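# Tertiary structure, described
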Amino acid sequence: MGGGVLIAGTTSDAGKSVVTAGVCRWLVRQGVNVAPFKGQNMSLNSFVTREGAEIGRAQAMQAQAARIEPTALMNPVLLKPGSDRSSQVVLMGRPVGEMSARGYHGGRQEALLGTVLECLAELRRTYDAVICEGAGSPAEINLRRTDIVNMGIARAARLPVVVVGDIDRGGVFASFFGTTALLSAEDQALVAGYVVNKFRGDVSLLEPGLEMLRGLTGRATLGVLPWRPGLGIDEEDGLRVSLRGSVRESAASVPYGEDVLRVAVCAVPLMSNFTDVDALAAEPGVVVRFVDRAEELADADLVVIPGTRGTVRALAWLRERGLADAVARRAASGRPVLGICGGYQVLGELIDDEVESRAGIVAGLGLLPVRVRFAREKTLGRPVGVALGEPVEGYEIHHGVAEVGGGPAFVSDGGGVALDGCRVGSVRGTHWHGVLENDAFRRRFLVEVAREAGRRFVPAPDTSFGALREEQLDLLGDLVEEHADTDALWRLIEGGAPGGLPFIPPGAP
């Protein structure tokens, strides 16, 4: 059976996903046949595998780092929040129902441990190494009894644990010590070391603290990874939030032509697969902003309404904030609007939803001749086609079934149309995620958008989103190779946690 390690974190967003991806890329470059794994993931940012299974995008990204195809084995349980108190449970890539947090942690989660362990065992039989990612913090003492993703799986599968801490947030030493000290003696015996993430400055100034931490815990720090901007690829937890709401802005780059192109993405509630616009941000001269105010659409050349796990809720939010009226004014004046998945549904005439919101019949924005009926069975697929004369592939994740009542397809240049959706004037919509990652299609689409927006923007002829993603993954591998104790990591993966690790009181209550 192959070796393994669990990458845990002191908090959510400590860097578990990117460290796991970095370890996968480092190992595969050493000739190791490696796979990622996360027993339970909570995310609205998901992906569809080639066999039609829905998993977290972070695990799909980690599989790419390992240079293998993602499968449902790598993320057997996916929770997709629908409110603050309930989530859709996706098991082995298929939705099995909605469940409250109390109901899930009250028994359902514990019952899934066998499935999670079977998937991990299958991967360990197939691969030389499996790099597992935890969720949140392993020291959530109120959830330990039913845990199937942190110490629960580590103890059941005898996995050594490396804990990642985000020093940019501050308090990393207290977080390492406190995380360890709140675990039971049996769990502490598997915690083999720490990794400091997002460090800025002279590492020699940190070393006295690392030595004191080793003296206090008997565990070494196995790496200090420096801060690198732009590494939050395929994040699980959504956008970083400012004081007034969800806003993220891409860095401006020198345009290839005379003008920049400004893209405003409406930060709708329960936003899903916001990574659809990452490919736009990768284009020189394209600036992407996530916005939540109507006035922020004024100078945008393209407005995107992204996917959402709550289509009716997103529609109400757009209306409450005046964004719906602003989008309608844009459409009337011929300025470009793009809706993706739930955003496409919002742009239609009517939504009949007895599944997701149970709101019944709700009027949409009426900008596209589309009526949407929510089906109980989720559509999951990896469609391919041709649009704007270029090959296009994407993936579908939606309950809404669209009936297009007229108007041309998403594209209407006569260059071959096989892309789901429709278009009226400058307003376009599609259920397909990932279409903007198709380089040639993206360039043709941006040429149309620039013309409609009156911009002298010209897309660069050689931008490859896939190549840029590979560069990011290689950078993650470089960070691990250059700044982590890779010999110690490999010993853990191959041989497990060393014996004799000291107990740090008080332990689990």
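Analysis parameters
- Residues numbered from 1 in each chain as written.
- Predicted model: local features only at pLDDT ≥ 70, side-chain atom pairs only at ≥ 80, totals over all residues.
- Heavy atoms only, no water.
- 1 Å grid on protein atoms, 1.4 Å probe; cavity = no way out; pocket = protein on both sides within 12 Å on 5 of 7 lines; lining within 4 Å.
- Points joined across faces, edges and corners; volume = space filled by probe spheres on them.
- Helix = DSSP H or I, 4+ residues; strand = E, 2+ residues; numbered from the N terminus.
- Nonpolar A, V, L, I, M, F, W, Y, C, P; charged D, E, K, R; others polar.
- Core = buried A, V, L, I, M, F, W, Y, C linked by side-chain atoms within 4.5 Å.
- Buried < 20%, exposed > 50% of the residue type's maximum accessible area, 1.4 Å probe, protein only.
- Contact = heavy atoms within 4.5 Å.
- Expected span 1.5 Å × (residues − 1).
- Pairing = 2+ DSSP bridges.
- Axes fitted to C-alpha atoms, helices over the stretch in contact; angles between N-to-C directions.
- Salt bridge = Lys/Arg side-chain N within 4 Å of Asp/Glu carboxyl O.
- Parallel < 35°, antiparallel > 145°, perpendicular 65-115°, else oblique.
- Polar contact = N/O pair within 3.5 Å; in protein donor to acceptor, adjacent residues only side chain to side chain.

### Details of the layout of surface pockets
Gaps left between atoms are located by rolling a probe of water-molecule size over the structure's atoms. In this model, the second largest pocket occupies a volume close to 540 Å³. In this structure, the second largest pocket is lined by 21 residues; those nearest its centre are Phe47, Gln64, Arg382, Glu393 and Glu437. Among the elements that take part in the lining of the second largest pocket, helix α2 (residues 57-65) stands out by supplying four residues, more than any other. Of the residues that constitute the lining of the second largest pocket, the class distribution is seven nonpolar, six polar and eight charged.

### Examining the nonpolar core
By size, the foremost hydrophobic cluster in this structure holds 72 residues, and its most contacted members are Leu27, Val34, Phe37, Ile131 and Val161. Broken down by element, this core gets its largest block of residues, eight residues, from helix α1 (residues 16-29). If we ignore the near neighbours within four places in the chain, the residues touching isoleucine 131 are Val5, Ile7, Thr20, Val23, Cys24, Leu27, Val34, Ala35, Pro36, Phe37 and Ile493. With 65 residues, the next largest nonpolar core counts Leu261, Val268, Leu318 and Val427 among its residues.

### Here we look at helix α4 (residues 113-126)
Quick reminder: α-helices carry 3.6 residues per turn. Residues three or four places apart thus point the same way. Taking 1.5 Å as the rise per residue, α4 with 14 residues should run 20 Å; its terminal C-alpha atoms sit 20 Å apart, in good agreement. Turning to α4, its buried residues number three or more, namely Val116, Cys119, Leu120, Ala121, Leu123 and Arg124. Contact partners of the buried residues in α4: β1 (3-9), β2 (34-37), β6 (77-81), β9 (129-133) and α5 (151-157).

### Topic: empty space enclosed by the protein
Taken as a whole and assessed by the stated rule, the structure comprises three cavities of 30 Å³ or more. Here the largest cavity defines a volume of roughly 170 Å³. The wall of the largest cavity is formed by 18 residues, among which Thr308, Arg309, Glu356, Ile397 and His398 lie closest to the centre. Where the lining of the largest cavity is concerned, the elements lending two or more residues are α12 (342-346), β23 (370-381) and β26 (396-404). Ranked by residues supplied to the lining of the largest cavity, first place goes to β26 with four residues. Classifying every residue of the lining of the largest cavity by side-chain character gives three nonpolar, eleven polar and four charged. In this structure, the second largest cavity occupies an estimated 50 Å³ of space.

### Regarding the sheet that holds β26
Strands sit in the order β22-β21-β23-β26 across an open sheet of four strands; the sheet is mixed. Two strands in the sheet have a free side with no partner beyond their single neighbour: β22 (360-363) and β26. Recorded for the sheet is a direction-independent mean angle of 35° between the axes of neighbouring strands. In this sheet, β26 lies alongside β23 in antiparallel orientation, the contact comprising eight bridges. If you follow valine 372 over to β26, its bridge partner there is alanine 402.

### Points about the sheet that holds strand β8 (residues 94-100)
Spatially, β3-β6-β7-β8 is the arrangement adopted by the four strands of the open sheet, whose pairing is mixed. Bordering the open sheet on either side are β3 (40-42) and β8, each of which pairs with just one other strand. For this sheet the average axis-to-axis angle between neighbouring strands, irrespective of direction, equals 25°. Pairing geometry for β6 and strand β7 (residues 86-91), over five bridges, is antiparallel. In the strand pairing of β7, lysine 80 is matched with glutamine 88.

### Structural notes on the pattern of salt bridges
The tally for this structure, following the rule as stated, stands at 29 salt bridges. Linking arginine 423 and glutamate 452 is a salt bridge whose minimum nitrogen-to-oxygen distance equals 3.1 Å. Here the residue arginine 423 occupies a position in strand β27 (residues 422-424), and glutamate 452 occupies one in helix α13 (residues 439-453), the gap between them amounting to 29 residues. Exposure remark for arginine 423: the relative accessible area of 11% places this residue in the buried category. Sharing partners across several salt bridges, the network here consists of Arg25, Arg29, Glu470, Asp474, Asp478 and Glu481.

### Considering the packing of α1 against helix α14 (residues 465-483)
Two elements in contact, α1 and α14, have axes separated by 7 Å at closest approach and are oriented at 85°. Relative to α14, α1 is oriented roughly perpendicular. Contacts between α1 and α14 involve Val18, Val19, Ala21, Gly22, Val23, Arg25, Trp26 and Arg29 from the first element and Glu470, Leu473, Asp474, Leu476, Gly477, Asp478, Val480 and Glu481 from the second. Grouping the constituent residues of the contact of α1 with α14 by class yields eight nonpolar, two polar and six charged.

### Overview of α1
An ideal rise of 1.5 Å per residue puts 20 Å on 14 residues; α1 measures up with 20 Å between its terminal C-alpha atoms. Of all 14 residues making up α1, 13 are buried, and the element is well covered by its neighbours. One or two steps after α1, the chain reaches glycine 31, where phi turns positive at roughly 85°.

### Some details on the pairing of strand β28 (residues 427-430)
Taking every second residue as pointing to the same face, both faces of β28 are buried, with Val427 and Gly429 on one and Arg428 and Thr430 on the other. As paired strands, strand β20 (residues 337-340) and β28 are joined by four bridges and run parallel to one another. Pairing of glycine 339 across the sheet is with glycine 429, part of β28. When β27 meets β28, the two strands line up antiparallel, connected through three bridges. When the sheet's bridge partners are listed, valine 424 is paired in β28 with valine 427.

### Some points on the side chain of threonine 430
Among the secondary structure elements, threonine 430 is positioned in strand β28. A polar contact of 3.1 Å, which involves the side chain of threonine 430, links it to the backbone nitrogen of tryptophan 432.

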